[in-house]
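If you want the building blocks of each chain, they are given just below.
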Amino acid sequence: MSARVGLVLLLAGCASAPRADLVIYGRIWTADSTQPYASAIAIQGDSIVAVGDSAALTRYAGSATRTLSGAFVVPGFQDDHVHLLSGGFQLASVDLRDAASPEEFTRRLKAFAATLQPGEWITGGDWDHEKWPGTPLPDRAWIDSVTPRNPVFVNRLDGHMALANSLALAAAKLDKSSKEVPGGTVVRRPDGELSGVLKDEAMNPVFAAMPTPSPSQLDSALARAMRHAASLGVVGVSSVSTSWDDIAALRRARGRGALTLRVANYIPLAAWRSMADSLTAHGPGDEWIRTAGVKGFVDGSLGSTTALMFQPYRDAPGTRGLFVTPEDSLRRWIAAADSAGLQVAVHAIGDRANALLLDIYDSVAKAHGARDRRFRIEHAQHLRPQDLARFAVLGVIPSMQPYHEADDGRWAAKRIGPELIKGTYAFRSLLESGARLAFGSDWTVAPLDPLLGIQAAVTRQTLDGRNPNGWVPEQKISLEEALRCYTVNNAYAVFAEARRGALKPGYLADVVILDRDLRRIPPATVGQAKVLATIVGGKVVYKRELGS
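Keep in mind the model is a prediction, meaning the values are calculated, not measured. Here the residue numbering is sequential within each chain, running from 1 through the sequence in written order. For a predicted model such as this one, the threshold for reporting local features is a pLDDT of at least 70, and the threshold for listing and counting side-chain atom pairs is 80 or more; totals across whole chains, interfaces and linings nevertheless cover every residue. By convention in this description, side-chain values take in all heavy atoms of the structure and omit both hydrogens and water.

Chemist: Sorry if this is basic, but what is going on with the sheet that holds strand β16 (residues 397-400) here?
Modeler: Working definition: the strands of a sheet are paired by backbone hydrogen bonds and lie parallel or antiparallel to each other. Strands are labelled as partners when DSSP assigns at least two bridges between them. To qualify as a helix, a DSSP run of H or I must reach at least 4 residues; to qualify as a strand, a run of E must reach at least 2; elements of each kind are numbered from the N terminus. One open sheet holds the eight strands; their spatial order is β5-β11-β12-β13-β14-β15-β16-β17, and the pairing between them is parallel. Only two strands of the sheet have a single partner each, and these edge strands are β5 (77-82) and β17 (438-439). As judged from the five bridges shared by strand β13 (residues 289-297) and strand β14 (residues 343-348), these two strands associate in the parallel manner. By the bridge assignment, Lys295 is partnered in β14 with Ala345. Sitting on the sheet, helix α10 (residues 351-368) touches β14 and β15 (376-379), and the angle it makes with β14 is about 160°. What makes two residues a contact is simply this: any of their non-hydrogen atoms within 4.5 Å. Note on geometry: axes are lines fitted to C-alpha atoms, helical ones only across the stretch in contact, with angles between N-to-C directions running from 0 to 180 degrees.

As structure tokens, this is what we get:
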């Protein structure tokens, strides 16, 4: 018997341990550097009371103690960037993500429209035109005849452009005479007529024409999103571009005792004053609902050729992307939000967008003085060598989504050159520089499943199978590093590291049980692992059915 185990057993004999409500057994990765692995966790109420050897922890088991076990146990996954309520609505909408041809795209919309009442809007979709090689962007002519009774506004999977049918354009009062929208692009046919595709800020008139979801619709969308998250082991998220109506739905769920997900909310940066007023009146929130952040945009996306770049796009030399938000507004709003004590998170994808945002963060921090502000850059996808080290130096969190690398790696080389690709999804370089790298999905832009993200970060294989050894393989990271980015680092990114992100006494009992040990399987199969159970605050919120 080791001295350590002997000491634990001696203490067990000398003191009466509290009875646990739940004990979990398995190969446990704790994310606690002082005790990285264990074989049992004892939980009482919403917190962990003991972590250690399974034999030693038997003293916590009583007649009413429940037990669970699995091949691999980890802290509950957290996701640094989701569109939570939008995801809930998408789960009940048409799925166009894997529509592999214009014909399939049209067929699915026709079938879905047949299930709706006249006048109901069709939204979501998440189509990907990169699956249609040689085909131009979609056109409303594809879908007008199959959606004669329903306005349609279905977005590309990155959320930075969408296709409207003629009914939706009419509702938004958009036609051939419509002017260009600052920060966006209205795609036109050769004759000047609108194709129906709108990019970034040009989408806003259609959004404004859509009916506002009712509270009951929001509640249903939230319930769907939470069930989906629990089935994937996700216990907490950063919900970005959130509305106050979304936050009200979270509070209603909590009031009913139905909230099963911890949510840090980031409302639009332009509305920073309302979040500042909330922070002053009510504080930043608690372990379930945090309301102390804002989220803005510098640019668009690489897939929509609207990411802001220093050099022209290789396949669209007439553009270098665009500012979704004017630079002067960005500087003014970020400074104001920081002065109000808010956490600021801003979307930046192109190399020029990231360089500019780092400059703004640096100037604001110097002007306002030292404090624990934890600025975030959402996506941080394409970075120049001279900007990589600035994240750690400035204390800026790169909030990244590894599944995007597996997706974009199929086609990114046609848009950006080989030198910039070296700093694309630079996970290894950022970690080695000392940056606090946080991981997530950008759901519904990508699947919510953290295991798919972990697989992408560890293998850097692309979805088309053409990079079996990894796309930009020098940026691979280890399994444990990826796990930390989904747990400890994500807790830090929302100021929750004091009680979340690790499995150790005193921490909240947020736990995921998996059906296989991720360390002992080929990295390319990590995404095939299944969640057996998800525990949030000591309560089992998901348990996999036998045979499913």
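Chemist: Would you mind going over the sheet that holds strand β6 (residues 122-127) with me for this structure?
Modeler: A sheet is described by the order of its strands in space; here five strands give the open sequence β6-β7-β8-β10-β9, paired in mixed fashion. Each edge of the open sheet carries a strand with a single partner, namely β6 and β9 (184-188). Taking the axes of each pair of neighbouring strands and ignoring which way they run, one obtains an average angle of 25° across the sheet. Strand contacts of helix α3 (residues 102-113): β6, β7 (152-156) and β8 (161-164), with the helix running at about 155° to β6, the strand carrying the most contacts.

Chemist: How should α3 be read in this particular structure?
Modeler: Residues spaced three or four apart along an α-helix point in a common direction, a consequence of the helix completing one turn every 3.6 residues. Taking 1.5 Å per residue as the helical rise, α3 with its 12 residues ought to reach 16 Å, and the 17 Å between its terminal C-alpha atoms agrees with that figure. For the exposure calls, accessible area comes from a 1.4 Å probe over protein chains only, and a residue counts as buried if that area is under 20% of its type's maximum, exposed if over 50%, partly exposed in between. Burial in α3 covers these residues: Pro102, Phe105, Thr106, Arg108, Leu109, Phe112 and Ala113. Considered in projection along α3, the buried side chains sweep an arc of 165° and stay on one side of the axis. Exposed and facing more than 90 degrees away from the buried side of α3 are Glu103 and Lys110. Elements in contact with the buried residues of α3: β6, β7 and β8. Here a helix's expected span is defined as the number of its residues, less one, multiplied by 1.5 Å. Within this analysis, the arc is defined by the directions that extend from the helix axis to the C-beta atoms.

Chemist: Looking at this model, I keep getting lost on the packing of aromatic side chains. Mind explaining?
Modeler: For any pair of aromatic rings, geometry is given as the distance between the ring centres together with the angle between the planes. Pairing of aromatic rings covers Phe, Tyr and the six-membered ring of Trp, with a centre-to-centre limit of 6.5 Å; geometry is then stacked below 30 degrees between planes, edge-to-face above 60, and tilted otherwise. Enumeration according to the criterion identifies 11 aromatic pairs in this entry. Arranged with centres 5.5 Å apart and planes meeting at 75°, the rings of Phe153 and Phe207 form a pair that is edge-to-face. Taken as a pair, Phe153 in strand β7 and Phe207 in helix α5 (residues 204-209) lie far apart in primary sequence, 54 residues in all. A centroid spacing of 4.1 Å and a plane angle of 5° characterise the contact between Tyr361 and Phe375, whose relative ring orientation is stacked. Here the residue Tyr361 occupies a position in helix α10, and Phe375 occupies one in the loop between α10 and β15, the gap between them amounting to 14 residues. Working rule: Lys NZ or Arg CZ, within 6 Å of ring centre, within 35 degrees of ring normal, means a charge sits over the ring. Against the face of Tyr37 rests Arg27, its NZ or CZ located 4.5 Å from the ring centre. It is Arg262 that lies over the ring of Trp288; its NZ or CZ is 4.2 Å from the centre.

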